[in-house]
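Report on the structure
As a plain string of letters, each chain reads:
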Amino acid sequence: MKAFEKNIRKVEPYVPGEQPQNKVIKLNTNENPYPPAPGVAKVLRELDTDRFRLYPDPTCAPLTEALADFYHVNPDQVFVGVGSDDVLSMCFLTFFNSEKPVLFPDITYSFYKVWAELYRIPYECQKLDEGFRVVKEDYFKENGGVIFPNPNAPTAIYEELHVVEDIIRANQDVIVIVDEAYVDFAGRSALELIDKYDNLIVVQTFSKARSMAGMRIGYAISNPTLIKYLNDAKYSFNSYTMNQAALACGVEAVKDKAYFEEGIRKIIQTREWAKEELSQLGFCCLDSSANFIFAMHPEYDAKEMFEALKKNGIYVRYWGSERIEQYMRITIGTREEMVALFAFLREYMKR
Ligand SMILES: *Cc1c(COP(=O)(O)O)cnc(C)c1O
């Protein structure tokens, strides 16, 4: 081993789902099967490329204003970043700066652990119960901060707002981050509590309900004080996180509320039908409130099924980690894509 090795920051990186470049039925990374709002294509076509020689607006003002408008908050309550992964990582760096452990569920978005390790933040995972539910009392002890997704990933389970509020209320000496990547498919958002609790940050994304994973846009909404701390950290890191195209497309997507709501409605409808189809095939599904379903079959091995699906051009997500080794996560695609999935599974089970 070279002497310099000991000074290198080594991390075990997050492993994203595969992005095959050939045409497959892609139900593995919770992308939206529908295109973004139609205005987005137009804005992109009309983008003034002469301006590309200039740096983008470091404050991301048009986008923070559009989001502020949409969520009825002030622009100084909004922080945007390169996907919510960027926003969340900035939150870890900024707000989780204690000797005490940050708390998050044992089965959750696997990036949390990666950021905690990258930034040397102590953390302690709290076990979900037998039904994969958050046990709120586990978050009532001393800690250096709390983060959890609602709905949780990969379980897709949504905890009612009073549960979320109990956790925020019990932790007013630390920052609580609610990662709402999937809340548009679920129920009430913790945004309702922003004015009531000054320790709360809500993080959302354009990658799921707004069909723009490829543009990389995420945002945090909180009070102006915490948003200022986030901006200070960002400006100490990289002033120009959001490129001009992402800013323009983001604004346009937020404007089209009707398209956004219709897209959510279609996915929820497909999800509810897909749950029934899966149960008829003998799967046990956790009660999904997201744009994906976490399912297991008591008679078929999940890993074998995952591999057979993949060989036939249908990609779903499988981890094989403790407690979830018999589960697959299936993103809700178009109805046609789901029909193809169920047709394959039906044949698979005849063999
Ligand atoms: C998808 C997802 C994100 C982040 O997605 P971005 O594309 O970076 O906005 C964050 N948290 C959870 C729980 C997710 O599933």
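Here the structure is a predicted model, which means the values were calculated and not measured.

Here the focus is the domain arrangement of the protein. It is common to report an interface's size as the accessible area lost on association of the parts. Domain parsing of the protein yields domain 1 (15–35 + 258–349) and domain 2 (38–255). With 24 residues of domain 1 at the interface, the matching set in domain 2 holds 27 residues. Both sides of the domain 1 and domain 2 interface together cover about 2,000 Å² of buried area, and 65% of this is carbon and sulfur. Looking only at domain 1, the three residues that lose the most surface to domain 2 are Phe 260, Ser 289 and Arg 323, adding up to 34% of its buried area. One can count one salt bridge joining domain 1 with domain 2.

This paragraph deals with the sheet that holds strand 7 (residues 200–205). Read across the open sheet, the seven strands follow the order 2-8-7-6-5-3-4; overall the sheet is mixed. For this open sheet the edge positions go to strand 2 (78–81) and strand 4 (123–126), each flanked by a neighbour on one side alone. Each neighbouring strand pair of the sheet contributes to a mean axis angle of 20°, computed without reference to strand direction. Two elements, strand 5 (residues 145–149) and strand 6 (residues 176–179), share four bridges in a ladder whose sense is parallel. When the sheet's bridge partners are listed, Ile 147 is paired in strand 6 with Ile 177. In this fold helix 3 (residues 83–95) packs onto strand 2, strand 5, strand 6, strand 7 and strand 8 (218–221), with an angle of close to 160° to the strand it touches most, strand 7.

Let's shift gears to the site of the ligand. Close contacts around the ligand come from Gly 83, Ser 84, Asp 85, Leu 88, Tyr 109, Asp 179, Ala 181, Tyr 182, Thr 205, Ser 207, Lys 208 and Arg 216, and that covers them all. Note that an oxygen atom of the ligand is positioned 2.5 Å from one of the side-chain N or O atoms of Tyr 182. Within the contact set of the ligand, an oxygen atom lies 2.7 Å away from a side-chain nitrogen or oxygen of Arg 216. Against a free-state accessible area of 380 Å², the protein chains account for coverage of 93% of the ligand. The dominant element in the shell around the ligand, judged by the number of residues it contributes, is helix 3, at four residues. Along the lines of polarity and charge, the residues of the shell around the ligand split into four nonpolar, four polar and four charged.

With that settled, the discussion passes to the packing of helix 3 against helix 6 (residues 224–235). The contact between helix 3 and helix 6 brings their axes to 9 Å, and the two run at 100°. Overall, the two elements helix 3 and helix 6 adopt an arrangement that is roughly perpendicular. Side by side, helix 3 and helix 6 meet where Met 90, Cys 91, Thr 94 and Phe 95 of the first sit next to Leu 226, Tyr 229, Leu 230, Ala 233 and Lys 234 of the second.

Below, the discussion takes up the pairing of strand 7. For strand 7, the tally of buried residues reaches six of six residues, placing the bulk of the element in the interior. Of the two faces of strand 7, the one holding Leu 200, Val 202 and Gln 204 and the one holding Ile 201, Val 203 and Thr 205 are both buried throughout. Here four bridges tie strand 6 to strand 7, and the two strands are oriented parallel to one another. Looking across to strand 7, one finds that Val 178 is bridged to Val 202. Inspection of the sheet shows strand 7 paired to strand 8 by four bridges, in the antiparallel sense. Of the residues in strand 8, the one forming a bridge with Gln 204 is Tyr 219.

Moving on, we come to the state of the cysteines. All told, the structure shown has zero disulfides when counted by the stated rule. Just so you know, Cys 249 is unpaired, no disulfide at all, and the nearest cysteine sulfur is the one on Cys 60, 14 Å from it. Not engaged in a disulfide, the cysteine Cys 284 finds its nearest cysteine sulfur in Cys 285; these two sulfurs lie 7.5 Å apart.

Here we take up the pairing of strand 5. Here strand 5 lies mainly inside the structure; five of its five residues are buried. Every second residue of strand 5 is oriented toward a common face, with Gly 145, Ile 147 and Pro 149 on one face and Val 146 and Phe 148 on the other, all of them buried. Sheet topology places strand 3 (residues 102–105) next to strand 5; two bridges connect them, and they run parallel. Across the sheet, residue Leu 103 finds its bridge partner in strand 5, namely Val 146.

Where helix 8 (residues 257–280) meets helix 10 (residues 335–350), the closest approach of the two axes is 11 Å, and the angle between their N-to-C directions is 5°. Comparing their axes, helix 10 and helix 8 come out roughly parallel. Residues Thr 270, Trp 273, Ala 274, Glu 277 and Leu 278 of helix 8 touch helix 10, and the partners they reach there are Arg 335, Met 338, Val 339, Phe 342, Leu 345 and Arg 346. Within the contact of helix 8 with helix 10, the residues separate by chemical class into seven nonpolar, one polar and three charged.

Backbone torsion omega between Asn 150 and Pro 151 reads -5°, so that peptide bond is classified as cis. Positionally, Pro 151 belongs in the loop between strand 5 and helix 5 (161–169). Omega for the bond connecting Ala 153 with Pro 154 falls within 30 degrees of zero, at 5°, which places this linkage in the cis form. Within the element layout of this structure, Pro 154 appears in the loop between strand 5 and helix 5. In this structure, Ala 156 takes a positive phi of about 75° despite not being glycine. Positive phi values are uncommon outside glycine, yet Arg 216 reaches one of about 60°. Residue position: Arg 216 is located in the loop between strand 7 and strand 8.

The rules we used
Residues numbered from 1 in each chain as written. Predicted model: local features only at pLDDT ≥ 70, side-chain atom pairs only at ≥ 80, totals over all residues. Heavy atoms only, no water. Domains from an automatic or database assignment. Contact = heavy atoms within 4.5 Å. Buried area = accessible area lost by both parts, 1.4 Å probe. Salt bridge = Lys/Arg side-chain N within 4 Å of Asp/Glu carboxyl O. Pairing = 2+ DSSP bridges. Helix = DSSP H or I, 4+ residues; strand = E, 2+ residues; numbered from the N terminus. Axes fitted to C-alpha atoms, helices over the stretch in contact; angles between N-to-C directions. Near = heavy atom within 4 Å. Polar contact = N/O pair within 3.5 Å; in protein donor to acceptor, adjacent residues only side chain to side chain. Areas by Shrake-Rupley, 256 points an atom, 1.4 Å probe, with all protein chains shown as cover. Nonpolar A, V, L, I, M, F, W, Y, C, P; charged D, E, K, R; others polar. Parallel < 35°, antiparallel > 145°, perpendicular 65-115°, else oblique. Buried < 20%, exposed > 50% of the residue type's maximum accessible area, 1.4 Å probe, protein only. Disulfide = S-S within 2.5 Å.

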